[in-house]
Each structure stands twice: as structure tokens, then as C-alpha cells.
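Structural overview
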Amino acid sequence: MTNAPRSTAAALLAMGVLTGTALQPANAATTAAATAATIAAPNTLDLMERPAPLTAHGVRRLLLDVAPGGPGFVAVGEMGQLLASSDGKTWQQQTSPTSVMLTAVYFPERTKGWAVGHDGVILATTDGGRRWERQFDGRRANAAVLAVAQQEVADAEAATPRNEERIAQAQDQLASAQDASKAGPSRPLLAVRFVDTLRGFAAGAFGQLFATDNGGADWRYIGNRLPNPEGLHLNGLSSYGEALYLAAEQGVVFVSTNQGKSWQRSETGYAGNLYGVLPMAGADGNQILLAYGFKGHLFRSLDQGAHWSALPRESSRKTWVQAQAQEGTAWLLTEDGRLFTSRDRGETLTPFGTSPLAIRRFAGFTLQGNRLVAGGLGGASLHVLDNRP
């Protein structure tokens, strides 16, 4: 089964819910700035340092992501909530060392998992979620970005022949890193992916991209490897073999074919937000990509992102929140609970069922057999899919 890319549409929705506004996913930059200002304000409660409050209502709270792992499924969401379930129906709250919004979770194997969220937080478990510890946070993220930016300026100024454009760009990046350090740990992480139990990646707002090759004992900043001078928000992260895919703003997909050592920038021709890339095996062994985003925009590539074609938008034009492939079938879910399938690698989409799944504003899902477990504004929910393809 191809692992589902993690979408930030839900995370942006969450920020809007918390501020009492109906935030559209395209307003990511405004939201991030507002979040930074709030955290930088004096006398603000430091949610990053505060353990998540215990509650009997966690299963009905806003949940932004759900993934297979632990006893069966693990879900994450507002106020640092971590929930676990063996069947997708009954959930138990797990102890969380933070109260910041958690936006994504991923388990490369049943016992080892990682969750990321606001304030640059990265949490990890090695026992299936019974205990979680904070491996990384925005303070260390700011320090890592600043160190790389300082080195980039030094390298640019020492290079011969002198390249004024390179120097100016490096100085701009340094100024941005310095501003972020002054603001504190305010930049959210929105996606996490591990290719095995040691090698992993975490991505987020303002072009943040971190990597580890020792299970998170050390996280290093590699966002400078991206051709991303604008600092586009990185909304979704997926992997397939040695390839990595980052879905970003402005219809951009960043592609790496060597586990993040180098990256190429791929333009879909769309000016809005993309929230994920679903890689699938083609009939001839090549990779077929589906990039999905805001208001039903969907794009398909047959050559690993070198070229893209726009697919027809489904009638409701609701935002795609997540996609995954299972047994040759692609499954895509909209924010209003409409499920679509494709058995021809994304060439055509077919509605599954006659009515939306019953939950308010979906954020993400995972699929095991005929059980679809989802999270959203209404919390966690289990849906048994009859007559699935």
C-alpha cells in the first residue's frame, strides 16, 4: 500500500477554527504571521511546554490527522491531543508532552512513530504511543536555520568569481532567519514522513524542511537545498522508493529522487495551494503522480513531475484533503466527506457512494481493508465501506 500524503488543509482550517474565523486554506501566510505575533506577545501561555490537558472528550475534538500505528490507529489534533484505537471506534487519550496543535502523524512501523505540529514541535514514541517525548521544537529549528543561513552568506562572499545575486539572496535568507529567531518558536510543521525507522523528514511553513538519519536523535535543516527563494509553505510530504515529494503553495511540487540530497522544482501551472502528492506505480514501472489541492484542483504527471496535466474538477469543487493508494486503487477525500476512487491511476475519478461520509469538515483519513478511519471537526470516526472496488 502506498502511504497517504499528509495534508495541511486541515491544519489551516484548525487555525481558523481556533481564532473563530472561517479561514480558507489559501490564507496560510496571513495565518502564520498572526500565529507568530500571538506567540511573541508578552504574558502568552507557553503551550509548547505545557502537557496536553486530560479530557474525556478528545475523540470529539478537532483532529487533523490519523495514521495506522500503535494498537491500530493513532490520531492527533488540537491542544496536543494524541489518541489511540485498536478498532477505529473506541479511542483512548495518550499522554502528550505539549499542548500545541499537532498537525500530522506517521508510523513507519507499529511501535515507532512521530508527530509534528505548531511551534516546530516534533514528538516521538518507541512503544506504540504509550509514551511520547519531544525530540525537537521551534527554538532548535530557528537555531538550525540561522546557522545554515550564516554559512550560506559566508560561502557566497568567499566564492570566486564574486556573484552579487547569490550574495544578496543569501543575505535575504539570513535576515529572514534572524527575524524568525527574534519571534521565537512560531513556525508550524505540517507534514512528517519516515522512509524507515531511522531516516525521516519534517516539513512546514516558510519552506522549513528538516531531516534525520538517526531516528530523530538529531534533526538538521535542509530547506536550503530547495529551489525555493520565496520560502513557499510546504504543505504535504510523501515518498515512494527513493523519491520524495513536497506539495507547496503556488502550484509547486518539489521532487527529490535521491532521498532529499537534491531537489527539482516542478510547476503544475496552478497559482493556488497544493496539499499533497500521491505517487503510484505505472503499468510500465514508472511513477505516476497525482497532485491535489484547493477547491478541487487536481493534476496528473506521467514523468515524475516533468510535465503535468490538469484533470477535471469534481462538481462540488471542494478542497481535497488527502489521498492514498491501496491495491491499485486511488482514494481521494474532499473536505465535505465526498470520497472518490480511481482504478486507472488517476486518469478518471468515480464517486464512491451516493452521499458524503457523516462528519463535519474532514481533515484526513487512513484506509485499512474496508475500514476508513477519519478525523476532522467532529473528531474521529469509523466508516465501513461496502461494495468497495
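Analysis parameters
Note that residues are indexed from 1 along each chain, following the sequence as it is written. The predicted nature of this model means local features are confined to residues of pLDDT at least 70 and side-chain atom pairs, given and counted, to a pLDDT of 80 or more, with totals for whole chains, interfaces and linings taken over all residues. Heavy atoms from the whole structure form the basis of all side-chain values; hydrogens and water molecules are not counted. For the purposes of this entry, the term helix denotes a DSSP run of H or I that reaches at least four residues, the term strand denotes a run of E that reaches at least two, and both are numbered from the N terminus. For every residue, the accessible area obtained with a 1.4 Å probe (protein chains only) is divided by the maximum for its type, and the residue is called buried under 20%, exposed over 50%, and partly exposed between those limits. Contact definition: two residues touch when any of their heavy atoms are within 4.5 Å. Residue exposure ignores everything except the shown protein chains as possible cover, and the areas themselves are Shrake-Rupley values with a 1.4 Å probe. Each axis is a line fitted through C-alpha atoms, and for a helix only the stretch in contact is used; angles between axes span 0 to 180 degrees, taken between their N-to-C directions. To sort the angles, those under 35 degrees are grouped as roughly parallel, those over 145 as roughly antiparallel, those from 65 to 115 as roughly perpendicular, and the leftovers as oblique. In this scheme the handedness of a crossing depends on how the near helix is turned from the far one: anticlockwise by less than a right angle means left-handed, clockwise means right-handed. Asp, Glu, Lys and Arg are counted as charged, while Ala, Val, Leu, Ile, Met, Phe, Trp, Tyr, Cys and Pro are counted as nonpolar; the rest, among them Gly, fall into the polar class. Here a polar contact means two N or O atoms within 3.5 Å. Within protein one must be a hydrogen donor candidate and the other an acceptor candidate, and residues neighboring in sequence count only if both atoms are side-chain atoms. We call two strands paired when DSSP finds no fewer than two bridges between them. Stacked, tilted and edge-to-face pairs are distinguished by plane angle, under 30 degrees for stacked and over 60 for edge-to-face with tilted covering the rest, among Phe, Tyr and Trp rings (Trp via its six-membered ring) whose centres lie within 6.5 Å. Cation placement over rings: the criterion is NZ of Lys or CZ of Arg within 6 Å of the ring centroid and within 35° of the ring normal.

A short note on the overall build of the protein chain
Looking only at helices and strands, the protein chain has four helices and 27 strands in total. Buried residues in the protein chain amount to 57% of all 389 residues. For the protein chain, long-range pairs separated by at least 24 residues make up 48% of all intrachain contacts whose partners lie at least 6 apart in sequence. Summed over all atoms, the accessible surface of the protein chain reaches about 15,700 Å², with 50% contributed by carbon and sulfur.

Thoughts on the environment of Ala203
Turning to its location among the elements, Ala203 is positioned in strand 10 (residues 200-204). Look past the residues within four positions of Ala203 in its chain and what remains in contact with it is Leu189, Leu190, Ala191, Gln208, Leu209, Leu234 and Leu246.

Examining the packing of helix 3 (residues 138-158) against helix 4 (residues 164-183)
Where helix 3 meets helix 4, the axes come as close as 8 Å, and the angle between the chain directions of the two elements is 160 degrees. It follows from the interaxial angle that helix 3 and helix 4 lie roughly antiparallel. Viewed along their axes, helix 3 and helix 4 form a crossing whose handedness is left-handed. Contact residues: Asn142, Val145, Leu146, Ala149, Gln150, Glu152, Val153, Asp155, Ala156 and Glu157 in helix 3; Arg166, Ile167, Ala170, Gln171, Gln173, Leu174, Ala177, Gln178, Ala180 and Ser181 in helix 4. Tallied by class, the residues present in the contact of helix 3 with helix 4 amount to 10 nonpolar, six polar and four charged.

Structural notes on the side chain of Asp127
Examined against the element boundaries, Asp127 turns out to sit in the loop between strand 7 (122-125) and strand 8 (133-136). Polar side-chain contacts of Asp127 include one of 3.0 Å to the side chain of Arg131.

Comments concerning the pairing of strand 6 (residues 113-117)
Along a regular strand, successive side chains alternate from one face of the sheet to the other. Within strand 6, five of the five residues are buried, which leaves it mostly tucked inside the rest of the structure. Here strand 6 shows a buried face lined by Gly113, Ala115 and Gly117 and a second buried face lined by Trp114 and Val116. The pairing of strand 5 (residues 102-106) with strand 6 spans four bridges and is classified as antiparallel. Looking at the pairing, Ala104 lines up with Val116 of strand 6. The turn linking strand 5 back onto strand 6 is made up of six residues. Sheet analysis places strand 6 next to strand 7, joined by four bridges and oriented antiparallel. Residue Val116 lies in a different strand from strand 7, and its bridge partner there is Ile122. Linking strand 6 to strand 7, which pair antiparallel, is a turn of four residues; within it Asp119 sits at a positive phi near 60 degrees.

Notes on the packing of aromatic side chains
Across all of its chains, the model carries nine aromatic pairs by this definition. When the ring of Phe136 is compared with that of Trp219, the centres are 6.5 Å apart and the planes differ by 40 degrees; the resulting orientation is tilted. Residue Phe136 is found in strand 8, and its partner Trp219 is found in the loop between strand 11 (209-212) and strand 12 (220-221); the two are separated by 83 residues along the sequence. Here the aromatic cluster, defined as three or more aromatic residues joined through ring pairs, consists of Trp114, Phe136, Phe194, Phe210, Trp219 and Tyr221. In this structure, Arg187 is placed above the aromatic ring of Phe206, and the distance from its NZ or CZ to the ring centre is 4.4 Å. Positioned above the aromatic ring of Tyr106, the side-chain terminus of Arg193 is 4.3 Å from the ring centre.

With respect to the environment of Leu382
Residue placement: Leu382 occurs in strand 27 (residues 379-384). The class for Leu382 is partly exposed, based on a relative accessible area of 29%. Placed 24 residues apart in sequence, Leu382 and Ala358 show a C-alpha to C-alpha distance of 9.6 Å. Each residue touching Leu382, except ones within four places of it in the same chain, is listed here: Asp87, Gly88, Lys89, Arg371, Leu372 and Val373.

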